[in-house]
Amino acid sequence: MLSLLLCAQLAAATQSVDSVYSSAALREMVARAAAANRRPPAELRSYQSRIETEVSLILRDTLGRENSAEVEQLASTARWTRDEHYDLHVIGYRSQSVGVPYSTLSIVRAWTVPSLYGERLSLGAYFARPRTSDTLIAVHPFAVDRDEYYQFSGGDTVATLRSGSRTIPVSRIRVHPHFHGPTRLGAFDGEIDLDVERGQIVRMRGRFVVLGGETGIRSALARAAGIVGVAYAEFVNVQIGDTYWLPAFQRTEFQAAFPMLGQTRPIFRIVSTIRDIVVSESGVAPTDTATIPRVRVTWAPSDSISGFSAWQHGIGTQSSAVHSDDFDDLAPDIWRADGPPRFNLFPNTTSRIFRFNRVEGLYTGIAPSVDLRNVAPGVSVGANVGWAWSEQTTRGGGYVSYRRSKTVYSARADRTLVSTNDFVLPLDNDPGFAALLGSVDNYDYVDQRGAMLAVTRTLGSVDAGFATLQAGLRSDRAEQARISKGILGGSSRFLPNRGSTDGRYALGSADIELHPNVTGDYVQPGVGVRVHYEVASGDLDWQRVELGLSARQYLGPFSLAAHADGGMVLGSRPPPQQLFELGGDQSLPGYTYKQFVGDRAALFRLFGTYRFNVWQRPIRFVRGFYLPGLSPGMGLSAQGGWTELSSVGATIAAQALSTTGLPVSEPTHGMRATVGGGLTLFSDIVHIGVARPVDRPAPWKFVAGFGATF
């Protein structure tokens with residue numbers, strides 16, 4: 001009997017090690033770390049630091065490119081005391097936006113955690129919205145009750161650091177949440193790097209998850225609709241005085257997916273750099289608590305905040321120094337490349353399931369796909385089909401793609417309605433709401449059918465660039481407007497759809513994009529380049545070359561943004577749908593819709609502003625909702641365009657754009673340009689001023705509106 005009891009005890013002990021810790025040595029390592037991290041060292045009474053933080057709103061596209069729609073930068077001083085207080089004092093603030101009408105302080109009210117000690121762990125973002133818990137709190141992986149909620153593996157030495165007089169071996173522990181029960185609680189899922197000798201945390205990287213509890217109707221509906229939200233965090237400590245490990249870098253990131261809106265992924269990112277840490281070993285005696293500290297945020301006077309100039313980072317650089325792919329190994333199943341095959345009901349663009357235009361009227365469709373994942377790694381298969389209700393026509397297609405490392409191979413056959421607009425900006429992606437609600441459809445269309453093969457190669461990283469080659473067969477067919485207005489168009493009427501030439505052709509094309517995240521329309525600084533070349537042969541023959549440059553730069557209170565595009569169409573008689581058309585709000589404000597045409601074209605758009613460095617602090621509007629700071633400035637914009645019909649064939653093609661026999665477009669006969677200037681408000685979201693053409697005598701006109709262009 002005694003032998004049986006001993007065997008049972010040994011089996012229970014073995015099961016405990018196997019179910020919670022991958023080895024007995026790891027159990028001992030975690031136990032030492034738990035003892036060392038439950039509370040700050042007794043000698044550490046308080047510390048002060050300086051923090052520079054960027055809070056940004058980002059859109060990630062299906063290729064992984066990140067476009068920042070708003071960046072807010074905060075400089076603050078911090079003081080932590082072990083009597084559970086953490087005070088942040090904002091001393092500097094500035095922002096850039098491309099039209100977001102609220103401050104991110106409407107979402108969060110504080111942005112760093114003072115330490116990684118304690119029984120519970122904070123996400124690092126303290127929410128500002130009323131009726132919302134202050135922050136997401138998780139059971140600390142080194143809490144006393146950790147065995148109830150976590151499993152641990154790893155423990156190998158992954159690096160050796162030198163800090164001061166110490167040589168520090170660093171071991172990495174993998175933490176897996178493991179809990180089932182009626183209580184809902186937060187947990188950490190990720191990796192922890194430890195100072196092996198002292199058991200102190202050097203780095204934590206992972207995601208916060210919610211475990212246990214009943215699944216509500218809201219959660220069930222979100223899963224059914226494919227809505228996914230993930231909270232990631234990375235905390236990096238630095239050793240101070242060969243003694244204490246305190247925060248040096250922190251990043252909290254929320255990523256979400258709303259399939260009904262396509263596969264663009266909204267990202268809310270907070271990145272903080274902490275420096276000038278000064279430790280105090282005198283003051284209040286240590287308390288016997290290990291709870292989350294109370295956070296208080298105060299602001300310096302508005303004029304002091306607006307005049308702050310001691311920035312360590314250019315605005316936008318902290319956010320762009322990291323990427324959403326950094327957390328791919330921790331991503332939920334829906335975003336992972338491995339696992340069992342996954343069925344996706346929704347497409348990568350909304351227009352495949354809903355759009356509205358003057359040719360099709362309302363179009364509705366479905367676009368399912370399957371990622372084969374472990375069955376055939378890297379392979380995806382999909383289709384889309386829909387019905388154009390006014391046109392009484394079916395459109396759609398199918399594709400298969402194979403991703404291997406940094407290269408994607410794909411084949412697609414489809415029938416689509418293609419826009420013939422030129423030099424389209426990244427923000428110009430309306431699936432038809434303007435047409436549906438306001439009878440504004442500033443596009444022309446061609447019915448296109450074809451089958452294409454494509455290869456896309458990432459050049460180093462998604463931030464560095466892409467190269468794409470395509471080849472296949474296509475055919476174009478002319479289309480016509482079938483409806484006259486949208487549902488709320490008033491007296492507005494759609495224009496006729498412009499003419500095109502029917503024909504079949506073989507097509508080859510090559511594209512190179514360098515720094516594709518820099519578009520000039522979004523707030524990320526830098527220079528982006530796009531080169532496009534295509535050649536077609538058959539019933540329709542042409543060659544087309546395009547070059548696009550985009551830039552954005554910040555120089556103290558000055559901000560500059562620019563687009564420059566140029567292109568040419570080669571061929572004895574190019575089809576009219578391949579000519580360049582300029583004019584209207586999208587390509588040349590101040591002139592009528594597509595007033596100018598040519599087989600040679602150039603277009604530039606420039607905007608510059610000077611901020612007065614006053615009234616930059618966000619404005620509290622209602623309860624926890626903040627408007628952007630008034631942030632007044634002086635702005636100047638210029639747009640110019642040029643087109644030329646260089647041959648008889650090009651002139652004939654331009655005449656074919658008309659469906660009534662009357663000319664609809666002409667060459668510019670020289671450079672056409674408009675300039676404007678005046679007052680900008682809310683980080684260039686609103687402009688008020690005057691504008692006029694400069695290529696001909698004309699009076700100044702009062703202008704006001706949204707965006708940077710006068």
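Residues numbered from 1 in each chain as written. Predicted model: local features only at pLDDT ≥ 70, side-chain atom pairs only at ≥ 80, totals over all residues. Heavy atoms only, no water.

**Observations concerning the overall build of the chain**
- What the chain contains, in helices and strands, is 7 helices and 37 strands.
- The C-alpha atoms of the chain give 30 Å as radius of gyration, which agrees with the globular expectation for 710 residues (27 Å, within 12%).
- For the chain, long-range pairs separated by at least 24 residues make up 65% of all intrachain contacts whose partners lie at least 6 apart in sequence.
- Looking at the chain as shown, the accessible area adds up to about 31,900 Å², and 59% of this sits on carbon and sulfur atoms.
- When the 69 basic and 66 acidic side-chain charges of the chain are each reduced to a single mean position, those positions are 3 Å apart. (Helix = DSSP H or I, 4+ residues; strand = E, 2+ residues; numbered from the N terminus. Rg over C-alpha atoms; globule rule 2.2 N^0.38 Å. Contact = heavy atoms within 4.5 Å. Areas by Shrake-Rupley, 256 points an atom, 1.4 Å probe, with all protein chains shown as cover. Lys, Arg positive; Asp, Glu negative; His and termini not counted. Charge placed at Lys NZ, Arg CZ, Asp CG, Glu CD.)

**A short note on the environment of valine 279**
- When you line up the elements, valine 279 lands in strand E14 (residues 265-280).
- Taking relative accessible area as the criterion, valine 279 reaches 25% and is therefore assigned partly exposed.
- In sequence terms valine 279 and alanine 638 are 359 residues apart; their C-alpha atoms lie 53 Å from each other.
- Look past the residues within four positions of valine 279 in its chain and what remains in contact with it is Leu44, Ser46, Tyr47, Ile240, Tyr244 and Leu246. (Buried < 20%, exposed > 50% of the residue type's maximum accessible area, 1.4 Å probe, protein only.)

**Focus on the packing of aromatic side chains**
- If you walk through the whole model with that rule in mind, you get 19 aromatic pairs.
- When the centroid spacing of 4.9 Å and the interplanar angle of 85 degrees are considered together, the rings of phenylalanine 308 and tryptophan 311 count as edge-to-face.
- Given the relative accessible area of 16%, phenylalanine 308 is considered buried.
- Looking at tryptophan 311, the relative accessible area reads 15%, which means it is buried.
- A cation sits over an aromatic face here: arginine 265 above tryptophan 335, 3.9 Å from the ring centre.
- The ring of tyrosine 363 is capped by arginine 355, whose NZ or CZ atom sits 3.7 Å from the centre of that ring. (Phe/Tyr/Trp six-rings, centres within 6.5 Å; stacked < 30°, edge-to-face > 60°. Lys NZ or Arg CZ within 6 Å of the ring centre and 35° of its normal.)

**Thoughts on a nonpolar patch on the surface**
- A cluster of nonpolar side chains, namely Leu555, Phe558, Leu560, Tyr610, Phe612, Val614, Trp615, Met634, Leu679, Ile688 and Phe702, defines an oily patch on the protein surface of about 1,100 Å² accessible area.
- Here tryptophan 615 is to be found in the loop between strand E31 (600-611) and strand E32 (619-622). (Patch = residues over 30% accessible without salt bridge, like charges linked within 9 Å, V, L, I, M, F, W, Y side chains within 5 Å. Salt bridge = Lys/Arg side-chain N within 4 Å of Asp/Glu carboxyl O.)

**Structural notes on the confidence of the model for the chain**
- Residues with a pLDDT of 70 or more make up 92% of the chain, whose mean pLDDT is 88.
- In this model residues 1-17 is a low-confidence stretch, pLDDT under 50, and it forms 6 contacts with partners more than four residues away in sequence or in other chains. (pLDDT = per-residue confidence, 0-100.)

**Here's the deal with unusual backbone geometry**
- With a phi close to 50 degrees, aspartate 276 is a non-glycine residue in the positive phi region.
- You can see aspartate 276 is positioned in strand E14.
- The class of aspartate 276 is partly exposed, set by a relative accessible area of 45%.
- Of note in the backbone geometry, phenylalanine 423 takes a positive phi value of approximately 55 degrees without being a glycine.
- Tracing the backbone through its elements, the reader meets phenylalanine 423 in the loop between strand E22 (407-419) and helix H6 (433-438).

**Notes on the pairing of strand E23 (residues 445-458)**
- Direction of pairing for E22 relative to E23: antiparallel, over a ladder of 13 bridges. Paired with serine 410 across the two strands is alanine 454, which belongs to E23.
- By the bridge criterion, 13 bridges tie E23 to strand E24 (residues 465-478) in an arrangement that is antiparallel. Each bridged residue has a counterpart across the sheet, and for valine 455 the counterpart in E24 is leucine 469.
- Counted between consecutive antiparallel strands, the loop separating E23 from E24 contains 6 residues, among which glycine 460 sits at a positive phi close to 90 degrees. (Pairing = 2+ DSSP bridges.)

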